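The primary structure of each chain is shown beneath.
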Amino acid sequence: MRKFQEAFKSIEEFNFILGQEAWTDHQFGRAYRGLHRYREAVRAFESELKAHPRVGTYLSLAQAYHRCGEKIEVGRVLKSGLRWFKGNRGLAAAYASHLIRQGDFASFEEAESLLRSLYFPRMQDGRVVHQLCKLLGATDRATEALHILEERRKHVFPDPYFASARANALISLGRYEEAISELGEVPRDNEHLIGLVKKAYYWWARGEDDGENRRIIARKGLGIPYDLGLSCNIPIVVATYRLANLAKDTQEAEKAIRLLKLANESVADEIIACDSGTTYWEEVILVHHRNPRPLGVVRAVW
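This section reports on the structure supplied with the text.

Here is what the cut-offs are and how they apply
- Residues numbered from 1 in each chain as written.
- Predicted model: local features only at pLDDT ≥ 70, side-chain atom pairs only at ≥ 80, totals over all residues.
- Heavy atoms only, no water.
- Axes fitted to C-alpha atoms, helices over the stretch in contact; angles between N-to-C directions.
- Helix = DSSP H or I, 4+ residues; strand = E, 2+ residues; numbered from the N terminus.
- Parallel < 35°, antiparallel > 145°, perpendicular 65-115°, else oblique.
- Left-handed = near helix turned anticlockwise from the far one by under 90°.
- Contact = heavy atoms within 4.5 Å.
- Disulfide = S-S within 2.5 Å.
- Buried < 20%, exposed > 50% of the residue type's maximum accessible area, 1.4 Å probe, protein only.
- 1 Å grid on protein atoms, 1.4 Å probe; cavity = no way out; pocket = protein on both sides within 12 Å on 5 of 7 lines; lining within 4 Å.
- Points joined across faces, edges and corners; volume = space filled by probe spheres on them.
- Nonpolar A, V, L, I, M, F, W, Y, C, P; charged D, E, K, R; others polar.
- Salt bridge = Lys/Arg side-chain N within 4 Å of Asp/Glu carboxyl O.
- Core = buried A, V, L, I, M, F, W, Y, C linked by side-chain atoms within 4.5 Å.
- Phe/Tyr/Trp six-rings, centres within 6.5 Å; stacked < 30°, edge-to-face > 60°.

## Some details on the packing of helix α6 (residues 89-102) against helix α8 (residues 126-138)
Part 1 of the reasoning: Contact geometry of α6 with α8 gives a least axis separation of 9 Å together with a crossing angle of 15 degrees. Compared by their axis directions, α6 and α8 come out roughly parallel. As α6 packs across α8, the resulting crossing turns out to be left-handed. Contact residues: α6 offers R89, G90, A93, S97 and I100, while α8 offers R127, V128, Q131, K134 and L135.

## As for the state of the cysteines
Part 1 of the reasoning: Taken as a whole and assessed by the stated rule, the structure comprises zero disulfides.
Part 2 of the reasoning: Distance from the sulfur of C68, which forms no disulfide, to the nearest cysteine sulfur (C232) is 8.8 Å.
Part 3 of the reasoning: Accessibility expressed as a relative area gives 3% for C68, which makes it buried.

## A closer look at the layout of surface pockets
Part 1 of the reasoning: A volume near 1300 Å³ is recorded for the largest pocket.
Part 2 of the reasoning: Around the largest pocket, the lining is made up of 47 residues, and of these Q63, H66, R67, S97 and H192 lie nearest the centre.
Part 3 of the reasoning: Elements with a contribution of two residues or more to the lining of the largest pocket: α2 (22-34), α4 (55-67), α5 (71-84), α6, α8, α10 (162-172), α12 (191-206) and α14 (234-246).
Part 4 of the reasoning: The biggest single contributor to the lining of the largest pocket is α12, with eight residues.
Part 5 of the reasoning: Considered class by class, the residues forming the lining of the largest pocket number 18 nonpolar, 16 polar and 13 charged.
Part 6 of the reasoning: Size it by volume and the second largest pocket reaches roughly 210 Å³.
Part 7 of the reasoning: In terms of lining residues, the second largest pocket is bounded by 13 residues, among which Y226, S231, T240, E252 and K255 are the most central.
Part 8 of the reasoning: Examining the composition of the lining of the second largest pocket, we find that four residues originate from one element, helix α15 (residues 250-263), more than from any other.
Part 9 of the reasoning: The residue makeup of the lining of the second largest pocket, split by class, is seven nonpolar, two polar and four charged.

## What about the pattern of salt bridges?
Part 1 of the reasoning: Counted by the stated rule, this structure contains 17 salt bridges.
Part 2 of the reasoning: Linking R39 and E70 is a salt bridge whose minimum nitrogen-to-oxygen distance equals 3.0 Å. Of this pair, R39 sits in helix α3 (residues 38-51) while E70 is found in the loop between α4 and α5, placing the two residues 31 residues apart along the sequence.
Part 3 of the reasoning: Here R39 falls in the partly exposed class, since its relative accessible area comes to 36%.
Part 4 of the reasoning: Of the charged contacts in the structure, one is a salt bridge between R116 and E112, with a shortest N-O distance of 3.0 Å. You can see R116 and its partner E112 sitting in helix α7 (residues 105-119), four residues apart, about one turn around the helix. E112 carries the same exposure label as R116, and that label is buried.

## Examining unusual backbone geometry
Outside of glycine, negative phi angles account for most residues, and trans bonds account for most peptide bonds.
Part 1 of the reasoning: The backbone phi angle of H36 is positive, close to 65 degrees, even though this residue is not glycine.
Part 2 of the reasoning: Its location among the elements puts H36 in the loop between α2 and α3.
Part 3 of the reasoning: Phi at D140 is positive, roughly 65 degrees, even though this residue is not glycine.

## Brief notes about the nonpolar core
Part 1 of the reasoning: Formed by 88 residues in total, the largest nonpolar core has its most connected members in Y201 and L260.
Part 2 of the reasoning: With ten residues, the single largest contributor to this core is α12.
Part 3 of the reasoning: Setting aside residues no more than four positions away along its own chain, L260 makes contact with I234, V237, V238, E265, V267 and A268.

## Section: the packing of aromatic side chains
Part 1 of the reasoning: Taken as a whole, this structure holds five aromatic pairs when the rule is applied.
Part 2 of the reasoning: Measuring from ring centre to ring centre gives 6.3 Å for Y58 and F85, while their planes differ by 75 degrees; the resulting arrangement is edge-to-face. Here Y58, found in helix α4, pairs with F85, found in the loop between α5 and α6; they are 27 residues apart in sequence, far enough to count as distant.
Part 3 of the reasoning: Judged by its relative accessible area of 5%, Y58 falls in the buried class.
Part 4 of the reasoning: With centroids separated by 5.2 Å and ring planes inclined at 70 degrees, the aromatic side chains of Y202 and W203 adopt a geometry described as edge-to-face. Comparing Y202 with W203 shows no difference in burial state: the two are buried.
Part 5 of the reasoning: Here a set of aromatic residues connected by ring pairs shows up, and it is made of Y176, Y201 and W204.

Function cannot be inferred from these measures alone, as they are strictly geometric.
Given below as structure tokens:
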């Protein structure tokens, strides 16, 4: 956080103005995103794209929209980026992630087709493998995902995507304690890993039949600390609200809803209306696929 505060201070000292030029807009966007000021990051990256479309800016803009709860804008930005940069693997993997979050069969099938086309030509790409394993976990093929990851680890080491991809697969298999152990001690400022470990506790508690055990597990998930700046991060606040409900912690649930309404009132309304269901923000972790197809990756050549 400090380096982004220092970066923003430098921007102000040089009297840079948003909209002045693409490079300046990018510096504003990076600083705002690092400070978790996602709405301002969106404005900066949108301004940059008007002057100079770049792959990295499309990805940063989509991420900023995701963090402030604008799921429709996430899809729009990534599709626009893919029109400009056809076949770009980073944009394609990000769009597949967006499709997986939709949680319906049509989106799963589109994501799978896209990820298969990306995977076999270049099996070392961790971004693609991560999303592919998440998709397999969501469509009743988590065991296959684990097999892919173990094969990959023989050829790619160190692998920065391994722990989170394996944790997602373990969550889909209901092996929640293993998933949490895989992630280890999560840094307070790592929004991705904080969201993932809270997701593990949420699904663990949600699947527990005994009411007291459910509350105990949910309280553990609530107790995962994170930086105050992440209080406007929609996925993390949604996870906190869900855990608070399962823990029967009215005070924490009300606090989370207040934060959601400040960040994005439409998301707060969606979450309240679907109190016992699953939305884009929790992610579907397991559906029974109509026609699951194995990838057969162990026969591929690395």
